[in-house]
Protein chains: 4
Amino acid sequence: MPQPAHPAAVNGLTLAQAEAIADAALAKGREIGLLPLCVVVLDAGGHVKVTKREDGASLMRPEIAMGKAYGALAMGFGTRELARRAQAMPGFTNALSDLTGGRAVPVPGGVLVRDAANILLGAVGISGDASAQDEVCCMAGIEAAGLVPDNGDPA
Amino acid sequence: MPQPAHPAAVNGLTLAQAEAIADAALAKGREIGLLPLCVVVLDAGGHVKVTKREDGASLMRPEIAMGKAYGALAMGFGTRELARRAQAMPGFTNALSDLTGGRAVPVPGGVLVRDAANILLGAVGISGDASAQDEVCCMAGIEAAGLVPDNGDPA
Amino acid sequence: MPQPAHPAAVNGLTLAQAEAIADAALAKGREIGLLPLCVVVLDAGGHVKVTKREDGASLMRPEIAMGKAYGALAMGFGTRELARRAQAMPGFTNALSDLTGGRAVPVPGGVLVRDAANILLGAVGISGDASAQDEVCCMAGIEAAGLVPDNGDPA
Amino acid sequence: MPQPAHPAAVNGLTLAQAEAIADAALAKGREIGLLPLCVVVLDAGGHVKVTKREDGASLMRPEIAMGKAYGALAMGFGTRELARRAQAMPGFTNALSDLTGGRAVPVPGGVLVRDAANILLGAVGISGDASAQDEVCCMAGIEAAGLVPDNGDPA
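Residues numbered from 1 in each chain as written. Chains lettered and ligands numbered in written order. Predicted model: local features only at pLDDT ≥ 70, side-chain atom pairs only at ≥ 80, totals over all residues. Heavy atoms only, no water.

**Digging into the side chain of E81 of chain A**
Residues and elements named next belong to chain A. Basically, it comes down to this: Numbering of helices and strands starts at the N terminus; helices are DSSP runs of H or I of at least 4 residues and strands are runs of E of at least 2. Note on classification: 1.4 Å probe, protein chains only; a residue is buried when its accessible area is under 20% of the maximum for its type, exposed when over 50%, partly exposed between these limits. Two N or O atoms form a polar contact when they lie within 3.5 Å of each other; inside protein one atom must be a possible hydrogen donor and the other a possible acceptor, and for residues adjacent in sequence the pair counts only when both atoms belong to side chains.
As for its position among the elements, E81 is in helix α3 (residues 79–88). Owing to a relative accessible area of 3%, E81 belongs among the buried residues under this scheme. Reaching out from E81, the side chain makes a polar contact with the side chain of R85 at a distance of 2.9 Å.

**Some remarks on the relation of the copies chain A and chain D**
What counts here: The atoms used to superpose the copies are C-alpha atoms, taken from residues with pLDDT of at least 70 in both, and the fit is least squares. Should any heavy atoms of two residues lie within 4.5 Å, those residues are counted as being in contact.
For these two chains of identical sequence, chain A goes onto chain D by a turn of 180° and a shift of 0.1 Å along the axis, with RMSD 0.1 Å. Both copies are brought into coincidence by an operation consistent with a two-fold rotation axis. For chain A, the smallest separation between a C-alpha atom and the rotation axis is recorded for T51 of chain A, amounting to 2.3 Å. Here 100% of the interface residues in chain A have copies in chain D that are interface residues too; the copies meet face to matching face.

**Comments concerning unusual backbone geometry**
Residues and elements named next belong to chain B. Positive phi, close to 75°, is recorded for N118, a residue that is not glycine. You can see N118 is positioned in the loop between β3 (110–114) and β4 (120–127). By relative accessible area, N118 is classed as exposed at 55%.

**Some remarks on helix α2 (residues 61–75) of chain C**
Residue and element names in this part refer to chain C. The line we're drawing: An expected span of 1.5 Å times one less than the residue number is assigned to each helix.
End to end, α2 covers 21 Å across 15 residues, agreeing with the expected 21 Å (1.5 Å per residue, within 8%). Extensive coverage of α2 is indicated by the burial of 11 of its 15 residues. When α2 is considered as a whole, its buried residues turn out to be P62, A65, G67, K68, A69, Y70, G71, A72, L73, A74 and M75. Following α2 by one or two positions, G76 adopts a phi angle in the positive range, close to 90°.

**Here we look at the packing of helix α1 (residues 15–31) of chain B against helix α1 (residues 15–31) of chain C**
Test applied: Simply put, an axis is a line fit to the C-alpha atoms, just over the touching stretch for a helix, and the angle between two N-to-C directions goes from 0 to 180 degrees. Orientation categories follow fixed angle ranges, with anything under 35 degrees roughly parallel, anything over 145 roughly antiparallel, 65 to 115 roughly perpendicular, and all other angles oblique. Under this grouping Gly is polar, as are all residues other than the nonpolar Ala, Val, Leu, Ile, Met, Phe, Trp, Tyr, Cys and Pro and the charged Asp, Glu, Lys and Arg.
Two elements in contact, α1 of chain B and α1 of chain C, have axes separated by 15 Å at closest approach and are oriented at 170°. As the angle between them shows, α1 of chain B and α1 of chain C are arranged roughly antiparallel. Along its contact with α1 of chain B, which presents L15, E19, D23 and L26 of chain B, the element α1 of chain C presents L15, E19, D23 and L26 of chain C. Residue composition of the contact of α1 of chain B with α1 of chain C, by class: four nonpolar, no polar and four charged.

**Comments concerning the interface of chain A and chain D**
Condition: Each of two parts loses accessible area, computed with a 1.4 Å probe, when they are put together; buried area is these two losses added. Between Lys or Arg on one side and Asp or Glu on the other, a salt bridge is scored when a side-chain nitrogen of the former is within 4 Å of a carboxyl oxygen of the latter.
Contacts between chain A and chain D engage 29 residues on the former and 29 residues on the latter. Between chain A and chain D lies a buried interface of about 2,300 Å² when both sides are counted; carbon and sulfur atoms form 55% of it. For the chain A face of the interface with chain D, the top three residues by lost area are L35, R53 and D55 of chain A, together amounting to 24%. Taken together, the connections running from chain A to chain D amount to six salt bridges. The closest approach of N and O atoms between D55 of chain D and K49 of chain A, which form a salt bridge, is 2.7 Å. Top contributing element to the side of chain A that touches chain D by residue count: strand β2 (residues 48–53) of chain A, with six residues. For the side of chain A that touches chain D, the residue count by class is 14 nonpolar, six polar and nine charged.

**Examining the sheet that holds strand β2 (residues 48–53) of chain B**
As a reminder, the rule being used: Only when DSSP finds a minimum of two bridges between them are two strands counted as paired.
What the 10 strands build is an open sheet, ordered β5(B)-β3(B)-β4(B)-β1(B)-β2(B)-β2(C)-β1(C)-β4(C)-β3(C)-β5(C); its pairing is antiparallel. Two strands in the sheet have a free side with no partner beyond their single neighbour: β5 (148–150) of chain B together with β5 (148–150) of chain C. Strand-to-strand twist of the sheet, defined as the mean angle between neighbouring strand axes without regard to direction, takes the value 20°. Note that β3 of chain B and β4 of chain B share five bridges and pair antiparallel. Following the sheet pairing, V113 of chain B is matched in β4 of chain B by G122 of chain B. Of the strands in this sheet, β1 (38–43), β2, β3 and β4 of chain B together with β2 (48–53) of chain C are in contact with helix α2 (residues 61–75) of chain B, which crosses β4 of chain B at around 145°.

The quantities given are spatial measurements derived from coordinates; they are silent on function.
See below:
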């Protein structure tokens, strides 16, 4: 079957950047003694660049981590804000969950990734420990890669 | 493959009307300085005539905007009323969300469109800023097109 | 509810470009006397920028047009090639349809959009007339917008 | 929220092994000049350990790669054999696709991973180039990690 000789050039988050984020996020989790984690890094279109699930992390951690990252991209803010809306507007967050086929998980630990020029590159989601701890690792991973995190709180 | 020589004539919302609504709605959003919006205009059967997503609007805005417009058509009133029912009867709006595959989003910003003779032509949904602001743009778009909006509040 | 003051800057296909493609594609259809068409323009992440459905186009035309555009982005080539694979490998194309929830329609009329630097910007899908005619309008729309189409045939 | 102090110990494929497989598989693809690839490594329960998508790989490559790996685990043999059954028994592979929600993709490039004692550890799926090329990279990755591949052909 013929294949295109050269795929289109792409811009956006690179695999190298996504690996750097994921590795630094997991290193943070080990440093502070968290439970086994799963980290998912999505590009700006919500498609997976990298998933890594630590040994002992339970079965749905990849889907939950992806749901946090996707939820952030779906709405355009980190899931700390989505968690607030789930308290204030449960009907809306239920509808968003249905609308996305379950891929919008409204708890902290889904963080947008921007570059220095404020271009949206993608999002990171982590699941495995308490949501606030998961988010700490998202932030650490993004910053270690030289990029700018947005967890949904005012800057 | 044989094709019918002439498609059936149709009545109902025209593409020209739907474009006029969408363009005026987005113009309103720019005029009052809202976040990037997505507008969806559905015909009376709940099928898309026009979608326009502004640059910077997040990933699920088309589905949310459609869900508001579809929710209005699904129940026969604007989503301001659907939002009230979500407060009073969360079990019902969750069931409606499941029943429609997530296409009934119970927050303001889904507005029915009628003509001067009170014929139902379709619905408009907008997502991108706070729900009340989204709804302002729906109303402005419908009125600019010379049609009659119904947001779910008593006239 | 607090809203971010400034959304992230974005790159990629603009609404203005997507409108230019859609309008020129529909104009081509009128020029050559085709049946009523629906055109969908997706960004590189597979999310809608613009949908326009002409008066008289049947109910599922938006979903079919989107499925062609999404199928092209899903696989990285225009749906003319996906149609060839459907002949040669029906099990694979059935699986791809299931995998995407029906959003990969393997017939001509889904065309990738690149810029002069070969960056992938998105895809256009059209449905309403015979597939080959639908594709003619995709190509015309993309070229009229000063961009580069890829229908899945060798250049 | 209380958390268990120590997660259960686990056996089976480790993250370190999955990373070794994925990195060697992608290195093979670069060595022989393939199109951009996505590699997914699943544990024996069919849950993701690692996903890596190279820059330029199209949108659905993660899902297709996972579908190959999952298809191999679903049936207990590499997808080279599943592809043969798709030719001989298309009704069965279509049903399997439906049954798994699209997660059983019947083309080569889904390879089981065993250890030296013949214990099933998981599966690797790759998508991005022609299926036979994708499979070459699965085999190379598994062997580079000191493990035993099974592509569905008799040993």
